[in-house]
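# Reading the structure
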Amino acid sequence: MNIRTLHNSLFLLIALLMSFSVMAQKATLKGQMLNKDDGTTLPFATIKIGDTGTTTDYDGNYEIQLDPGTYTVQYEYIGLQTKTEELTLSAGEVRELNPQLGESAELLDQIVVTANRSGVKVGESTVSVAVIQSNLVDRTNSTTDEVVEKVPGVNIIDGQANIRGGSGYSYGAGSRVLLLVDDLPFLAGDAGFPNWGDLPIENAGQIEVLKGAASALYGSSAMNGIINFKTAYPTSESLTKISLYNTNYFTPLARDTCFTGDCEAEGIDSKWWGKDRIAADSLDMNDTLPRPGDYGIQFAHRQKFGKFDLVVGGTYFRNNGFRQEEYDYKGRLNVNTRYRITDRISIGVNANINDGQSRSYFLWQNPWAGAYETLRELEFKDPETGQVLNTLGPFSTTTESQIFRYNVDPFVTFFDKKGNRHKILSRYYFINNDNGNNQSNKSNLLYGEYQYQRKFEGAGLNLVSGVLGTRTLSEAQLYGNAEYSSSNVGAYAQVDKKFADKLTISVGARYEANTILSPDSIATPELDVAGNPIYLFNPEPESREAKPVFRAGINYQPAEYTYLRASWGQGYRYPTIAERYISTDIGDLLFIFPNPSLQSETGWSAEIGLRQGVKISSWQGFLDLSGFITEYQDMMEFTFGGADVDNPVNGFQSVNIDDTRIVGGEISFMGQGELFGLPTTLLAGYTYIDPKYQDFDERKMALSTSDENVLKYRFRHTAKLDAETTIADKLSLGISVQYNSYMEALDNFFYELSTAVEVIPGLPPLEVDLYDPFGLQAYREKFNKGNYVMDLRMAYQATEQARLSFILKNATNRSYAVRPALMEAPINLTVRLDVRFKGKVKN
């Protein structure tokens, strides 16, 4: 061995010894991250340590080498509260930490999936999102649509969701607000209408409401926003709950005939039941119509069996409506299952079935004593003398239905070794509405989606992308007893990039293609002399269209608990089968015509907002301020007279009315925690909109009840409040108030009806105008200040398991109508008993 070789060997030996010495100076931090609520491991969670960090593997394990010293370690996982540990490590030390993360108690840290499909904190979202927790549903004995309407900026008009004035009233066809159940679309395939009664309200987890165009991520029906119903899954404790309730309606007041203010003394009311109202088909004069009311039972059970999660629930109710002849009897069952094959792979099937019968009510007899009675006849009066010249009728404006609906939703979730998430979602949704008055419809919807999510931890980047397809087959009396099919295929992607934990930028895009296959000719509700339907020529039996849409958003946190956001998104909505091809009438009085030439609508919405966190001792919440603008091109809306100005139809038809613009602002506040030593929750807000046509002409004015440029069926001002406080851990007191300003514009049909009347017996009918045929114009002229409704509630926690509630809705007994000629419920009292049992799960 020469000197050089010896020198090199010694140098290598010294270098190795030095490296071993350096390694010996390192400390090791390792462990496993767990979910505090159910004990499951947290795969691909994030551990942040200064400028470095790591992620857990698919078993929730982690390990990292660190220099000796003092560190602040942050453990993070989407949807759970971040946990921080302060620790000091010495050279060669091996420290094991197994943090357990639970749900966040901070409102701004609530995780919403709807905003980006992968999960983001409410405060860091680039779009406006509101969250409703499940306890509000139970405490108010509300259905899903009723509780959603407590969110500022949201209105439900006869089942139709409307966010910040983006929609009006569409007669049960089409929706600009997409309803999701567990991230899957849940609108009727043919009509695009939400069946609120199919939602498993007894197993609600949380309900997320996204305001503004979301077509880039969710497609055609998300033009105005999204309502995402999230089902609750079991935790480390099993849960069984049973709820019983009974509602009684009290005497409504016909306030427009009550001039002294003491309606009871005047003996004026508009009830159709009781001893003074004998059943029409009764031969016994002592037989009376019973007081309306409803009762029902709900149950739910959630439990873990090792790697298997089970959720079951159901409800049965009988609702004898407060409107004459209206009723609703239904039973529904639901089941959710999930099996974790490994910590990387889970599979499951969710299912829901709903069966029942009902009768729906469309028009009142008049807004006075007949406000809750169904329309049976119209009086033709001399416009000068007021003398009744003839009576039209009898009409039948109620529809009896036998419904059977179910959905089955298989899914698979898989994490690969790099932490990328793959999801396969699917749904089969069957609807059979066996309706009277030749209004039955049946549809089969099949939906499938593949979703891919990848996180680039070092770059602060999150990618969500996917491909999907929907296919609907429909056959219905509503569409002339013909067969129709529609399909939608698309692909989407969204990237969220975070800079220095302060700034988030989001961009997204979607491309989708729509197709409707229809007959060569379309039936109308008009009949020829032989009594057969008159048909329209269908200019496009194979209708196809494809469009891209884009969105962008930004969120910046300038200070703790302060978030600024701005967003812009395009919207696109293709007509549903019902909007184009519906052909029906309501009681031979109101006709709805098909429009096979109806085109899609497009648009965009933009928002700028501030969300400011607030803390008062242990009570915390946030204030949200926003300004927004929405524009639509070729907006679709049902219009009396239809699309052809020169040859108008004698009824309603969905048409592209023109371009519209809605500008507005909103302020809302949400809070929870102890306030002055009492547990208190608060949800409140005010929304203002200015909804206009971009080109307001004489024809639009003639079709509206207003001479002003304002879109129909909107409220300029809405204000809402829901608050509850608990005293001595036993007694809870709550209040809910909602104010809607005067609805300025309706279809002029409600004020002036043209029809054929036999003025002189024996002579041919004459085409005449019935002025204010439903009494709506006189009613609205007298009550033009808007309406507020107040609900009160009280609950007593008798034991740890049992809670008894008393809920007084419409406590001041206001007579009011949200949708014209359809009175809402008078004062009513619900007594509800909730019983819950919890138990530890043995795995």
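Being a predicted model, the structure only gives us computed values, none of them experimental.

Helix and strand counts for the protein chain stand at eight helices and 50 strands. In the protein chain, buried positions account for 53% of the 843 residues. Once local pairs closer than 6 in sequence are excluded, the contacts in the protein chain between residues at least 24 apart make up 65%.

It is worth spelling out the packing of aromatic side chains at this point. Aromatic ring pairs are described here by two measures, namely the spacing of the ring centres and the angle between the planes. In total, this model carries 21 aromatic pairs according to the counting rule given. With a centroid separation of 5.8 Å and 55 degrees between ring planes, the pair formed by Phe404 and Tyr406 is classed as tilted. Ring centres of Phe750 and Phe774 lie 6.3 Å apart, and the angle between their planes is 65 degrees; this geometry places the pair in the edge-to-face category. Note that Phe750 is positioned in the loop between β45 (731-740) and β46 (752-757) and Phe774 in the loop between β47 (766-771) and α8 (776-782), a separation of 24 residues in sequence. Just as Phe750 is buried, Phe774 falls in that class too. Cluster of aromatic residues (ring-pair linked, three or more members): Phe640, Phe652, Phe749, Phe750 and Phe774. Over the ring of Tyr233 we find Arg338; its NZ or CZ atom is 4.1 Å from the centre of that ring. The side chain of Lys497 reaches across the aromatic face of Phe499, ending 5.1 Å from its centre.

This part takes up the pairing of strand β49 (residues 802-809). As judged from the six bridges shared by strand β48 (residues 787-797) and β49, these two strands associate in the antiparallel manner. What sits directly across from Gln797, in β49, is Arg803. Between β48 and β49, which pair antiparallel one after the other, the connecting turn spans four residues. Note that β49 and strand β50 (residues 828-840) share eight bridges and pair antiparallel.

Taking strand neighbours across the sheet as the criterion, the five strands line up as β12-β17-β18-β15-β16 in an open arrangement whose pairing is mixed. This sheet does not close on itself; its edge strands, each paired only once, are β12 (128-133) and β16 (184-185). As paired elements, strand β15 (residues 177-181) and β16 share two bridges and run antiparallel to each other. Following the sheet pairing, Val181 is matched in β16 by Leu184.

All right, on to the pattern of salt bridges then. Counted by the stated rule, this structure contains 47 salt bridges. Of the charged contacts in the structure, one is a salt bridge between Lys304 and Asp309, with a shortest N-O distance of 2.9 Å. A relative accessible area of 0% places Asp309 in the buried class. Arg793 is paired through a salt bridge with Asp722; the nearest N and O atoms lie 2.9 Å apart. Of this pair, Arg793 sits in strand β48 while Asp722 is found in strand β44 (residues 717-727), placing the two residues 71 residues apart along the sequence. Bridged by salt links that share partners, the residues Arg164, Lys211, Arg565, Glu607, Arg611, Asp624 and Glu666 form one connected network.

Looking now at the side chain of Lys150. By the secondary structure assignment, Lys150 is in the loop between α3 (144-148) and β13 (154-157). Among the residues examined, Lys150 registers a relative accessible area of 13% and is labelled buried.

Below, the discussion takes up the nonpolar core. One finds Tyr171, Ile227, Leu378, Tyr479, Phe750 and Phe774 to be the most contacted residues of the largest nonpolar core, which totals 111 residues. Residue contributions to this core peak at five residues, all from β15. If we skip the residues at most four places from it in the chain, Tyr171 touches Phe362, Leu590, Phe638, Phe652, Tyr713, Asp747 and Phe750. Counting residues in each nonpolar core, the second largest holds 18 residues, with Ile47, Ile64, Tyr75 and Leu80 among its members.

Our next topic: the environment of Phe696. In this structure, Phe696 sits in the loop between β43 (678-693) and α7 (698-702). Separated by 14 residues in sequence, Phe696 and Val710 place their C-alpha atoms 8.8 Å apart. Setting aside anything within four residues of it in sequence, one finds Phe696 in contact with Met701, Asp707, Glu708 and Asn709.

We note that Arg164 has phi near 55 degrees; this positive angle belongs to a residue other than glycine. Mapped onto the elements, Arg164 comes out in the loop between β14 (160-163) and β15. On the accessibility criterion, Arg164 (8% relative accessible area) is buried. Although it is not a glycine, Asp182 sits at a positive phi angle of roughly 55 degrees. Within the secondary structure, Asp182 sits in the loop between β15 and β16.

Attention now moves to the sheet that holds strand β3 (residues 46-49). Spatially, four strands are ordered β4-β3-β6-β7 in an open sheet, and the strand pairing comes out antiparallel. Looking at strand neighbours, the two that pair on one side only are β4 (52-55) and β7 (83-89), the edges of this open sheet. The average undirected angle you get between the axes of adjacent strands in this sheet is 20 degrees. Direction of pairing for β3 relative to β4: antiparallel, over a ladder of four bridges. Counted as the bridge partner of Ile47 is Thr54 from β4.

Along the chain, Arg565 falls in strand β37 (residues 562-573). Residue classification places Arg565 among the buried residues on the basis of a relative accessible area of 5%. Here the side chain of Arg565 touches Glu607 through a polar contact of 3.2 Å, side chain to side chain.

Within the secondary structure layout, Asn248 lies in strand β19 (residues 237-249). Here the side chain of Asn248 touches Asn246 through a polar contact of 3.0 Å, side chain to side chain.

Once that is clear, we can look at the pairing of strand β18 (residues 225-231). Taken across its seven residues, β18 has seven buried, putting it largely inside the fold. Neither face of β18 is open: one carries Gly225, Ile227, Phe229 and Thr231, the other Ile226, Asn228 and Lys230, and all of them are buried. Two strands pair when backbone bridges link them, and β15 and β18 are joined in this way by five bridges, in the parallel orientation. In the sheet register, Leu178 faces β18, and the bridge partner there is Ile226.

Turning next to the environment of Asp501. Looking at where Asp501 falls in the secondary structure, it is placed in the loop between β32 (482-499) and β33 (503-517). Assessed through its relative accessible area of 46%, Asp501 is described here as partly exposed. In this structure the C-alpha to C-alpha distance between Asp501 and Glu124, which are 377 residues apart in sequence, comes to 9.9 Å. Discounting residues that sit within four places of it in the chain, Asp501 has contacts with Lys48 and Gln557.

Of all residues in the protein chain, 88% have pLDDT values of 70 or greater, and the mean over the chain is 85. Considering only residues more than four positions removed or in separate chains, one finds that residues 17-23, a stretch of pLDDT under 50, has zero contacts. Segment residues 275-287: pLDDT under 50, and 16 contacts once partners within four positions in sequence are set aside and those in other chains are kept.

The rules behind these values
- Residues numbered from 1 in each chain as written.
- Predicted model: local features only at pLDDT ≥ 70, side-chain atom pairs only at ≥ 80, totals over all residues.
- Heavy atoms only, no water.
- Helix = DSSP H or I, 4+ residues; strand = E, 2+ residues; numbered from the N terminus.
- Buried < 20%, exposed > 50% of the residue type's maximum accessible area, 1.4 Å probe, protein only.
- Contact = heavy atoms within 4.5 Å.
- Phe/Tyr/Trp six-rings, centres within 6.5 Å; stacked < 30°, edge-to-face > 60°.
- Lys NZ or Arg CZ within 6 Å of the ring centre and 35° of its normal.
- Pairing = 2+ DSSP bridges.
- Salt bridge = Lys/Arg side-chain N within 4 Å of Asp/Glu carboxyl O.
- Core = buried A, V, L, I, M, F, W, Y, C linked by side-chain atoms within 4.5 Å.
- Axes fitted to C-alpha atoms, helices over the stretch in contact; angles between N-to-C directions.
- Polar contact = N/O pair within 3.5 Å; in protein donor to acceptor, adjacent residues only side chain to side chain.
- pLDDT = per-residue confidence, 0-100.

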